[in-house]
Amino acid sequence: MALVALFFTWGQARSARVQADSAKEQVALAKRQTEVQEQLYKDQQQPYLWVDYRMDEASGWIIDLVLKNEGPTVATDVRVNIDPPIERATDFKSWDLHTLPGFQDGFASIPPGREMRWTLGSHVDIFKEGALKRHEVTISFDGPYGPVPPVTYVLDYADGKSMAVREHGSLKAIAQALKDGNTKIVRSLGRIENRIGSDEEE
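How each quantity is defined
- Residues numbered from 1 in each chain as written.
- Predicted model: local features only at pLDDT ≥ 70, side-chain atom pairs only at ≥ 80, totals over all residues.
- Heavy atoms only, no water.
- Helix = DSSP H or I, 4+ residues; strand = E, 2+ residues; numbered from the N terminus.
- Buried < 20%, exposed > 50% of the residue type's maximum accessible area, 1.4 Å probe, protein only.
- Contact = heavy atoms within 4.5 Å.
- Areas by Shrake-Rupley, 256 points an atom, 1.4 Å probe, with all protein chains shown as cover.
- Pairing = 2+ DSSP bridges.
- Axes fitted to C-alpha atoms, helices over the stretch in contact; angles between N-to-C directions.
- Polar contact = N/O pair within 3.5 Å; in protein donor to acceptor, adjacent residues only side chain to side chain.
- Core = buried A, V, L, I, M, F, W, Y, C linked by side-chain atoms within 4.5 Å.
- Salt bridge = Lys/Arg side-chain N within 4 Å of Asp/Glu carboxyl O.
- pLDDT = per-residue confidence, 0-100.

### What to know about the overall build of the chain
The helix and strand inventory of the chain stands at 4 helices and 7 strands. Taking all 202 residues of the chain together, 26% fall into the buried category. For the chain, the proportion of contacts with a sequence separation of at least 24, taken over those separated by at least 6, is 70%. For the chain, the accessible area works out to roughly 14,300 Å², and carbon and sulfur atoms hold 55% of it.

Here it is as structure tokens:
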């Protein structure tokens with residue numbers, strides 16, 4: 001009987017230990033899941049900044065350098081480092097980008113949705129002059145929870161060589177359509193005026 005009781009006691013102790021270990025694992029798992037959810041929430045609340053080349057839709061041939069925050073929160077103390085510095089084509093060299101305050105000293109803040117553009121030149125001049133090369137871009141900034149790890153990537157304008165260049169709908173196109181329409185109206189009025197003049201002479 002003593003042996004049976006000892007065996008039973010050992011079994012209960014082992015079962016209790018297994019249950020305790022299982023409970024610890026569940027607590028650790030729940031804690032880990034909470035940490036993951038918190039990190040996911042923080043990541044979703046971070047600013048999302050990028051720098052890239054974009055065509056000016058109004059002209060259809062001017063290339064801009066664009067800096068944009070597509071995240072849901074404000075980015076502060078934004079630093080954009082471009083190595084080697086991006087140069088503008090000849091007709092737009094009045095201000096080199098790396099000498100501008102934002103690129104030299106950083107941007108104080110970039111709210112959600114803000115898009116900043118700097119004209120680099122026409123795509124024809126850019127390719128002809130070799131104004132843009134292979135550039136390493138590094139963007140660093142602070143989000144709502146402090147500094148965000150810097151993002152580094154390569155920006156190579158040559159990747160876009162021979163790409164399609166199309167003029168999008170714009171105020172320029174509307175103005176041209178109105179101009180063409182006005183010309184037709186003036187011609188029509190001229191013909192009407194000539195007919196009226198001819199009728200009066202008769």
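Read on for the rest.
### Details of the sheet that holds strand β3 (residues 75-83)
Strands belonging to one sheet form pairs held by backbone hydrogen bonds; the direction of such a pair is parallel or antiparallel. What the 4 strands build is an open sheet, ordered β4-β3-β6-β7; its pairing is antiparallel. Of all the strands in the sheet, the pair left with one neighbour each is β4 (107-110) and β7 (146-156). Put simply, the sheet's adjacent strands are angled 30° from each other on average, direction ignored. Two elements, β3 and strand β6 (residues 134-143), share 6 bridges in a ladder whose sense is antiparallel. Bridging from a neighbouring strand, N81 pairs with T138 of β6.

### Section: the environment of T138
Along the chain, T138 turns up in strand β6. Aside from chain neighbours lying at most four places away, what touches T138 is R79, V80, N81, P150, V151 and T152. For T138, the side chain forms a polar contact with the side chain of T152, separated by 3.1 Å.

### Some words on the sheet that holds strand β2 (residues 62-69)
Strand order in the open sheet formed by 3 strands is β1-β2-β5, and the pairing between neighbours is antiparallel. A strand with exactly one partner marks an edge of an open sheet, and here the two such strands are β1 (49-55) and β5 (115-122). Going from strand to strand, the sheet's axes swing by 20° on average, the running direction of each strand aside. Looking at chain direction, β2 and β5 are connected through 7 bridges and run antiparallel.

### Observations regarding the nonpolar core
Core analysis: the largest hydrophobic core is formed by 28 residues, its most contacted members being Y53, L65, F103 and L120. Looking at this core, the elements that each hand over two or more residues are β1, β2, β3, β4, β5, β6 and β7. Apart from the residues lying within four places of it in its own chain, the contact partners of Y53 are I63, D64, L65, I86, L120, L132, K133, H135, L155, D156 and Y157.

### With respect to the pairing of β7
One ladder, built from 9 bridges, connects β6 with β7; its direction is antiparallel. Bridged to G143 within β7 is G146. Between the antiparallel neighbours β6 and β7 lie 2 residues.

### Let's talk about the pattern of salt bridges
Going through the model one piece at a time under the given rule, you end up with 8 salt bridges. The partner of R117 in a salt bridge is D64, and the shortest N-O contact between them spans 2.9 Å. Taken together, the residues R117 in strand β5 and D64 in strand β2 connect sequence positions 53 residues apart. In this structure, the salt-bridge partner of K68 is E115, at a minimum N-O distance of 3.8 Å. Taken together, the positions of K68 in strand β2 and E115 in strand β5 put the pair 47 residues apart, joining distant regions of the chain. One network of salt bridges, in which partners are shared, links D64, K68, E70, E115 and R117.

### Some words on the confidence of the model for the chain
Caution applies to low-pLDDT parts of the model: their predicted coordinates are not meant to be read in detail. In this model, the chain carries a mean pLDDT of 80, and residues with pLDDT of at least 70 account for 68%. The secondary structure element of the chain with the lowest average pLDDT is helix α4 (residues 171-201), at 63, and the one with the highest is β4, at 98.

### What to know about the side chain of S122
With respect to the helices and strands, the residue S122 is situated in strand β5. Residue classification places S122 among the buried residues on the basis of a relative accessible area of 5%. Within the structure, S122 has its side chain in polar contact with the backbone nitrogen of D125 (distance 3.1 Å). With residues near it in sequence (within four places) discarded, S122 still touches W61, I62 and F92.

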